[in-house]
Amino acid sequence: NTPMASPIGQEKAGPAGVTLEDFRAAALGHAKYMDDRNIDVQIIGPRPFLMLGWMEPHLLPAWTRYVNDMIHQQCQLVPDRFLGAAMLPQLSDAPDLSDCLDELNRCVTELGFAAAYLSPDPGGRRTTPGMHEPYWYPVYARAQELGIPLIVHGTNSLDPRFRVVPHNYQLGFYTEQYLAGQFLSHGDVFERFPELKVIICHCGGGLDRFIPTDHHIAQKDLSENLFYDTCAYDLNFLEAAIKQRGVPRLLFGSEAPGSGRAVRPETGRTSDDLVPIIGAFDFITDDDKIKIFNENPARVVPALAKIR
């Protein structure tokens, strides 16, 4: 296999058959989907299960650049609605993530991206160093210098035990995101990089079963460094996550569109329509809701404050 050139931005169909008009129509349709769910601005990044960190190493840089070019194209088409988050060419068996820095720099300094994605285990075989280990330090250091947050989202898992489960990549999301939160909170990453901000998707995967003062929970203040989005659709889980993580560390997030298209029987709306759900929660105040919907995201992702 050889890498293909990116077709994005070409007036005629490129290798993937995508024209600029095709892309514009898709971007406007995406924005309409957001309108229907009362979402003003969305950070868009790679589709996690298509980050393909398990592919042949010589193909990954071209695929990464292609994906980031597509993200940038969509942000340019509707600049007041979308901010980019970079995919990085992560290799599980690399000595560290130094090879990701050129693409990170390009996306932030040339394309204006607001964040970058990291997969806790891009190869999908659980051989990647834990997110507290030096393997990750080059990207942590550069993200801190650039003043952008890192968004942690699981990708594919190649664990053969998962075969019985439909859409089993979701298990990779859940397990790797929970482990990432454990490693980051118990390790010394934020002592080394005190201005680094990390957002773990889907409320962090799993929740903790211990009380806050238990020694199994990291007994340190992570309120300026480690954050979680609200992208969870079961109401009991989402309520528990907000109560456990705490309002100051929650940022509104919803896959729109994404895997939340199942319809809630009680509302007739898709489950990714989270604004009225969180807005109706009576265990948090109106001020708390403003923090989750607006203030916290703008604080953690500085670029959001410029277009909100």
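Structure's up top.
Worth saying up front: this structure is predicted, and the values here are computed from it rather than measured.

Caption draft 1: Structural detail: the sheet that holds strand 7 (residues 250-251). Reading across the sheet, the seven strands line up as 1-2-3-4-5-6-7 and stay open at both edges, with parallel pairing between neighbours. Of all strands in the sheet, those with a lone pairing partner are strand 1 (42-44) and strand 7, marking the two edges. With two bridges joining them, strand 2 (residues 82-86) and strand 3 (residues 115-118) adopt parallel strand pairing. In the strand pairing of strand 3, Ala85 is matched with Ala115. Lying over the sheet, helix 5 (residues 169-186) contacts strand 4 (150-152), strand 5 (198-200) and strand 6 (226-229), oriented at roughly 145 degrees with respect to strand 5.

Caption draft 2: Broad picture of the pattern of salt bridges. A complete count under the given rule lists 16 salt bridges for this structure. Across the salt bridge formed by Asp36 and Lys32, the nearest N and O atoms sit 3.0 Å from each other. Judged by its relative accessible area of 37%, Asp36 falls in the partly exposed class. Under the relative-accessibility criterion, Lys32 is labelled partly exposed at 47%. Notably, a salt bridge pairs Lys243 with Glu239, separated by 2.7 Å at the nearest N-O pair. Of this pair, Lys243 and Glu239 both sit in helix 7 (residues 235-245), four residues apart, roughly one helical turn. The class for Lys243 is exposed, based on a relative accessible area of 52%.

Caption draft 3: The arrangement of the nonpolar core in detail. In terms of nonpolar packing, the biggest core is built from 81 residues, with Leu118, Tyr140, Leu184 and Leu196 touching the most fellow members. The contact partners of Leu196, leaving out residues within four places of it in the chain, are Tyr140, Ala143, Gln144, Leu150, Val189, Phe190, Glu224 and Asn225.

Caption draft 4: Structural context of unusual backbone geometry. The amide bond that connects Ala256 to the next residue, Pro257, takes the cis arrangement and shows omega of 0 degrees. Phi angles above zero are rare outside glycine, and His167 is one such case at about 50 degrees. Turning to its location among the elements, His167 is positioned in the loop between strand 4 and helix 5. The exposed category is assigned to His167, whose relative accessible area is 57%. Even without a glycine there, the phi angle at Cys203 is positive, about 60 degrees. Relative to the helices and strands, Cys203 resides in the loop between strand 5 and strand 6.

Reading the values: the criteria
Residues numbered from 1 in each chain as written. Predicted model: local features only at pLDDT ≥ 70, side-chain atom pairs only at ≥ 80, totals over all residues. Heavy atoms only, no water. Pairing = 2+ DSSP bridges. Helix = DSSP H or I, 4+ residues; strand = E, 2+ residues; numbered from the N terminus. Contact = heavy atoms within 4.5 Å. Axes fitted to C-alpha atoms, helices over the stretch in contact; angles between N-to-C directions. Salt bridge = Lys/Arg side-chain N within 4 Å of Asp/Glu carboxyl O. Buried < 20%, exposed > 50% of the residue type's maximum accessible area, 1.4 Å probe, protein only. Core = buried A, V, L, I, M, F, W, Y, C linked by side-chain atoms within 4.5 Å.

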